[in-house]
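# Fold and contact review
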Amino acid sequence: MQQDRLSDWLVNHDLVHRSLGFDCRGIETLQIKTEDWDSIAVISYVYGYNYLRSQCAYDVAPGGFLASVYHLTRIQYGIAKPEEVCIKVFAPRNNPRIPSVFWIWRSADFQERESYDMLGISYDNHPRLKRILMPESWIGWPLRKDYITPNFYEIQDAH
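The name given to the protein chain in an unreviewed UniProt entry is NAD(P)H-quinone oxidoreductase subunit J, chloroplastic, with the source organism recorded as Musa balbisiana. On record in UniProt, under Subunit (unreviewed entry), the comment for the protein chain is "NDH is composed of at least 16 different subunits, 5 of which are encoded in the nucleus."

### Overview of the confidence of the model for the protein chain
When pLDDT is averaged along the protein chain, the result is 88, and 92% of the positions lie at 70 or above. Here helix α1 (residues 5–12) is the element of the protein chain with the lowest mean pLDDT, 77, and strand β7 (residues 122–124) is the one with the highest, 98.

### What about the environment of Leu 72?
Following the sequence through the fold, Leu 72 ends up in strand β4 (residues 66–74). Each C-alpha atom, one on Leu 72 and one on Tyr 45, is 9.0 Å from the other, the two residues being 27 residues apart in sequence. Once residues within four sequence positions are removed from consideration, Leu 72 is found in contact with Ser 44, Tyr 49, Tyr 51, Leu 52, Glu 83, Glu 84, Val 85, Ile 87 and Trp 105.

### Re the UniProt feature "domain: NADH:ubiquinone oxidoreductase 30kDa subunit" (unreviewed entry) in the protein chain
Using the residue numbers shown here, the UniProt feature "domain: NADH:ubiquinone oxidoreductase 30kDa subunit" (unreviewed entry) corresponds to residues 31–149. Helix makes up 22% of residues 31–149 and strand 29%, and the two end C-alpha atoms of the span are 31 Å apart.

### Notes on the pairing of β4
Counting buried positions along β4 gives 8 out of 9 residues, so the element sits mostly inside the fold. Sheet topology places strand β3 (residues 51–59) next to β4; 8 bridges connect them, and they run antiparallel. Bridge pairing links Ser 54 to His 71 in β4. Adjacent in sequence and paired antiparallel, β3 and β4 are bridged by 6 residues, among which Gly 63 carries a positive phi angle near 80°. Pairing geometry for β4 and strand β5 (residues 83–91), over 9 bridges, is antiparallel. By the bridge assignment, Arg 74 is partnered in β5 with Glu 83.

Thresholds applied
Residues numbered from 1 in each chain as written. Predicted model: local features only at pLDDT ≥ 70, side-chain atom pairs only at ≥ 80, totals over all residues. Heavy atoms only, no water. UniProt positions renumbered as here; feature names shortened; annotations may be inferred. pLDDT = per-residue confidence, 0-100. Helix = DSSP H or I, 4+ residues; strand = E, 2+ residues; numbered from the N terminus. Contact = heavy atoms within 4.5 Å. Buried < 20%, exposed > 50% of the residue type's maximum accessible area, 1.4 Å probe, protein only. Pairing = 2+ DSSP bridges.

What follows is the structure, given as structure tokens:
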């Protein structure tokens, strides 16, 4: 099975996406609109991408979009080289909301929480979306490029 088959399938079924090319290992990266992500995530799972290898997020540019990145793998018995695809979903920085894929791939739980904690991306319908690394009282999103670091650090429980 070729790497671009998911992209071809999406085209054949009139599902809007954009190919961002292939990485050095031949894995295709697709851009999906935020409003289409929940249905395309379900379609990807049904299509055979049964493993969420990783989810991460990054700040594209100061004042620009935030991106949530999903590395999906199609694992089948007897296949030596699993098929992979990378999907990027971009959200506006002023209201970054993306549908959660926790209900499809349970491994998204802590990964989406970390993206929320560090960048402030809110994952709709996530069952436990709260800070995971920073204290609940922390103000701001430390990995955003426009984040202003406080001029103090409070050391808690440093005994």
